[in-house]
Amino acid sequence: MKVKQALVAIGGNGNRLKEGSFKFQYSKPFIKINGKTILYYCLNNIHKAGIDNIIIIGNKKSQLKAAKNTIRDLPFRFSKVIYYKDNGLGTTGLHYHVRHHLNYNFFFEFGHNITLPSHHKKMEKLNSKMFIVCSIFKTKNYTTRPFIRIYKNIIKSLDILSRKNDYAVAAPYLLDRNYIFLLPKFKFNSYKLIQHYIVNNKLLTVRSYFPIEVDVKNDLRKFFSFFKKHPKNLLI
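Model, not experiment: these values are computed from the prediction.

Engineer: Explain the overall build of the chain residue by residue, including any values.
Structural biologist: The number of helices and strands found in the chain is 8 helices and 11 strands. The C-alpha atoms of the chain give 17 Å as radius of gyration, which agrees with the globular expectation for 236 residues (18 Å, within 12%). Each principal axis of the C-alpha atoms in the chain carries an extent, and together these give about 45 × 40 × 30 Å. Taken across its 236 residues, the chain has 52% of its residues classed as buried. The contacts of the chain with a sequence gap of at least 6 include a subset with a gap of at least 24, amounting to 72%. Just so you have it, the chain exposes about 11,800 Å², and 51% of that area is on carbon and sulfur atoms. Of the charged side chains in the chain, 42 are positive and 12 negative; the average position of the first set lies 2 Å away from that of the second.

Engineer: Got a sec to walk through helix 2 (residues 38-48)? Specific residues and values, please.
Structural biologist: Most of helix 2 sits out of view: 9 of its 11 residues are buried. For helix 2, the set of buried residues is Ile38, Leu39, Tyr40, Tyr41, Cys42, Leu43, Asn44, Asn45 and Ile46. Residue Gly50 follows helix 2 closely and has a positive phi angle near 110 degrees.

Engineer: With reference to specific residues and values, describe the packing of aromatic side chains.
Structural biologist: Scanning the entire structure with this criterion turns up 11 aromatic pairs. Their ring planes at 65 degrees and their centres at 5.0 Å tell us that Phe223 and Phe227 sit as a pair that is edge-to-face. Here the residue Phe223 and the residue Phe227 both occupy positions in helix 8 (residues 217-229), the gap between them amounting to 4 residues, near one helical turn. Of the aromatic side chains, those joined through ring pairs into one cluster are Phe210, Phe223, Phe226 and Phe227. The ring centre of Tyr83 lies 5.1 Å from the NZ or CZ of Lys68, which sits over that ring. Between Arg99 and the ring centre of Tyr96, over which it is positioned, the NZ or CZ distance is 3.9 Å.

Engineer: Describe the side chain of Asn165, and please don't skip the residues or the numbers.
Structural biologist: Within the secondary structure, Asn165 is located in the loop between strand 9 (154-158) and strand 10 (166-176). Side-chain polar atoms of Asn165 contact the backbone oxygen of Ile150, separated by 3.0 Å. Ignoring anything within four residues of it in the chain, the contact list for Asn165 reads Lys138, Ile148, Arg149, Ile150 and Tyr151.

Engineer: Describe the environment of Lys138, naming the residues involved and giving the relevant values.
Structural biologist: Along the chain, Lys138 turns up in the loop between strand 7 (132-137) and strand 8 (147-151). Each C-alpha atom, one on Lys138 and one on Val8, is 23 Å from the other, the two residues being 130 residues apart in sequence. A polar contact is formed between the side chain of Lys138 and the backbone oxygen of Lys164, at a distance of 2.5 Å. Engagement of the side chain of Lys138 in a polar contact is seen with the backbone oxygen of Asp166, the distance being 2.9 Å.

Engineer: Please provide a residue-by-residue account of the nonpolar core, values included.
Structural biologist: One finds Val8, Ile10, Leu43, Ile46, Ile54, Ile56 and Ile114 to be the most contacted residues of the largest nonpolar core, which totals 38 residues. For this core, the elements supplying multiple residues, two or more each, are strand 1 (5-9), helix 2, strand 4 (53-58), helix 3 (61-73) and helix 8. Sorting elements by how many residues they give to this core places helix 2 first, with 7 residues. Those residues in contact with Ile56 that lie beyond four places of it in its chain are Val8, Ile10, Leu43, Leu64, Ala67, Ile71, Val81, Ile82, Tyr83 and Tyr84.

Criteria and thresholds
Residues numbered from 1 in each chain as written. Predicted model: local features only at pLDDT ≥ 70, side-chain atom pairs only at ≥ 80, totals over all residues. Heavy atoms only, no water. Helix = DSSP H or I, 4+ residues; strand = E, 2+ residues; numbered from the N terminus. Rg over C-alpha atoms; globule rule 2.2 N^0.38 Å. Buried < 20%, exposed > 50% of the residue type's maximum accessible area, 1.4 Å probe, protein only. Contact = heavy atoms within 4.5 Å. Areas by Shrake-Rupley, 256 points an atom, 1.4 Å probe, with all protein chains shown as cover. Lys, Arg positive; Asp, Glu negative; His and termini not counted. Charge placed at Lys NZ, Arg CZ, Asp CG, Glu CD. Phe/Tyr/Trp six-rings, centres within 6.5 Å; stacked < 30°, edge-to-face > 60°. Lys NZ or Arg CZ within 6 Å of the ring centre and 35° of its normal. Polar contact = N/O pair within 3.5 Å; in protein donor to acceptor, adjacent residues only side chain to side chain. Core = buried A, V, L, I, M, F, W, Y, C linked by side-chain atoms within 4.5 Å.

What follows is the structure, given as structure tokens:
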């Protein structure tokens, strides 16, 4: 892997999950599966992909402390780990807050997401200057992410999912510093910024067959169901 760095978001309050009456400590990355946090599996697979430089960003000291404990339990060590407390303005601005720590290219991942190492490698193969690479998932309209339709290699934005070639765009993303410096121009609105890349034919995608990162209760239900059926996919 040439792209060796990942920005991993572990913050937030998980309000949409809590509205579904699901209780958890700190934030979504610390939900446990088989005795280990989702963050544990997330970081394990990131490292297996060849990424050894990570920035852990959360909006509470308790989250960063819990992340340190998770990283301490891993059977390996990253070459570089930076812990960064942001001011809780939301995930869209995280890249901008830590821009002075980021390499030209970097993966952006959520700590409540588990991705195959091979998926990161597929994304890197598509990496090209001035483009961004996004992961796409088959899901339902309840999800709170940008929707796209891919037809004959043409990508267009959607308001709802209705066809077999419709997808939700979600993490992991492979981004660059150009993306970071466009954020203020689009007022830190990731939906509008992704639309900008689509309109300019600068958005590339890699399909994931894993569950989409946990956001609402339906995501979590599918997440647990998938890894109960395929437990070997937790630790590659």
